[in-house]
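# Working through the structure, step by step
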Amino acid sequence: MKTFSATPADIEKSWIVIDAEGIVLGRLASIVAQRLRGKHKPSFTPHMDMGDNVIVVNADKIQLTGNKRQENFYWHTGHPGGIKSRTKEQILEGAHPERVVFQAVKRMLPGNRLARKQLTNLRIYAGAEHPHEAQNPTVLDVKSKNSKNTRVAK
C-alpha cells in the first residue's frame, strides 16, 4: 500500500465558525492552527494547503490565565531605539483586539511560505457578527471539547 499524498484536486475546504467568548487564548489558538493546517483530516499532507477556512468571532472576549494580561507584545519600528511594546490588556481594550488572537495563531504555525498562505484562511472579528453567512459555516463548539478550554471571567 502506498502512502497517500493529496493533490489540489483532492482538497476539500469547509468553513467553520468558532465563538471565542470565555475561551482560553492558547487553547483556542492551538485548535485554530490545527484546523488551518488541516491536521484534523485523515488525508493531511504537510506540503499542501489542506486546512479549512476559520472564522473566529467575539475575539475581544477571550480569557487569559495567570498574569498574561500584563505581558507585553514587542515590535520594532526599524529605526534606532525603535523598540515598542503594549500589554495584551491594552491591545484587547484598544481598537483592534483581534490582533492578540491573530498573533497567537500565527506563532503556532511554522514560519514558512505555506503557513503565510494558510493564515489568509483565518478571519477574526471582535464582535459577534461576521460577513460570511453566504458560505454556510458550521459551528465548532470548542467549549464542550474540554472543560479546561474555558475560564470564568474575573
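You'll find the structure just up there.
Throughout what follows, the structure given in this document is the object of discussion. (Residues numbered from 1 in each chain as written. Predicted model: local features only at pLDDT ≥ 70, side-chain atom pairs only at ≥ 80, totals over all residues. Heavy atoms only, no water.)

### So, a positive patch on the surface
Counted only if it meets this: Residues enter patches when their relative accessible area tops 30% and they take part in no salt bridge; the joining distance is 9 Å for like charges and 5 Å for the nonpolar side chains Val, Leu, Ile, Met, Phe, Trp and Tyr. Calculation of accessible area relied on Shrake-Rupley with a 1.4 Å probe; when residues are assessed, cover is drawn exclusively from the protein chains displayed. Salt bridges, as used here, are contacts in which a Lys or Arg side-chain nitrogen is within 4 Å of a carboxyl oxygen on Asp or Glu. Only four residue types enter the charge count: Lys and Arg as positive, Asp and Glu as negative, with His and the chain ends excluded. Every charge is mapped to an atom, namely NZ of Lys, CZ of Arg, CG of Asp or CD of Glu. Put simply, DSSP marks the helices as runs of H or I at least four residues long and the strands as runs of E at least two long, and each gets a number from the N terminus on.
A contiguous patch of positive charge, built from Lys106, Arg107, Arg113 and Arg116, is present on the exposed surface. When you line up the elements, Lys106 lands in helix H3 (residues 98-106).

### So, the pairing of strand E4 (residues 83-87)
To keep it simple, the criterion reads: We call two strands paired when DSSP finds no fewer than two bridges between them.
Bridge count between strand E3 (residues 72-76) and E4: five bridges; the pairing is antiparallel. If you follow Tyr74 over to E4, its bridge partner there is Ser85. Linkage of E3 to E4, two consecutive antiparallel strands, is achieved through a turn of six residues, within which Gly78 is found at a positive phi near 100°.

### Looking at the environment of Gly127
The cut-off we apply is this: Partly exposed describes any residue whose relative accessible area lies between the buried limit of under 20% and the exposed limit of over 50%, with all areas from a 1.4 Å probe on protein chains only and scaled to the type maximum. In what follows, residue pairs with any heavy atoms lying within 4.5 Å of each other are defined as contacts.
With respect to the helices and strands, the residue Gly127 is situated in the loop between strand E5 (122-124) and strand E6 (138-139). A relative accessible area of 34% means that Gly127 is categorised as partly exposed. Distance from Gly127 to Asp60, taken between C-alpha atoms, is 7.1 Å for residues 67 residues apart in sequence. Those residues within four positions of Gly127 in sequence are excluded, and the remaining contacts are Val57 and Asn58.

### Points about the packing of aromatic side chains
Each pair of aromatic rings is reported with the distance of its centres and the angle of its planes. Our working rule: Only Phe, Tyr and Trp rings take part, Trp by its six-membered ring, and two of them pair if their centres are within 6.5 Å. Stacked means planes under 30 degrees apart, edge-to-face means over 60, and tilted covers everything else. The criterion for a charge sitting over a ring is simple: Lys NZ or Arg CZ within 6 Å of the ring centre, and within 35 degrees of the ring normal.
One pass over the full model with this rule turns up zero aromatic pairs. Against the face of Phe73 rests Lys88, its NZ or CZ located 5.5 Å from the ring centre.

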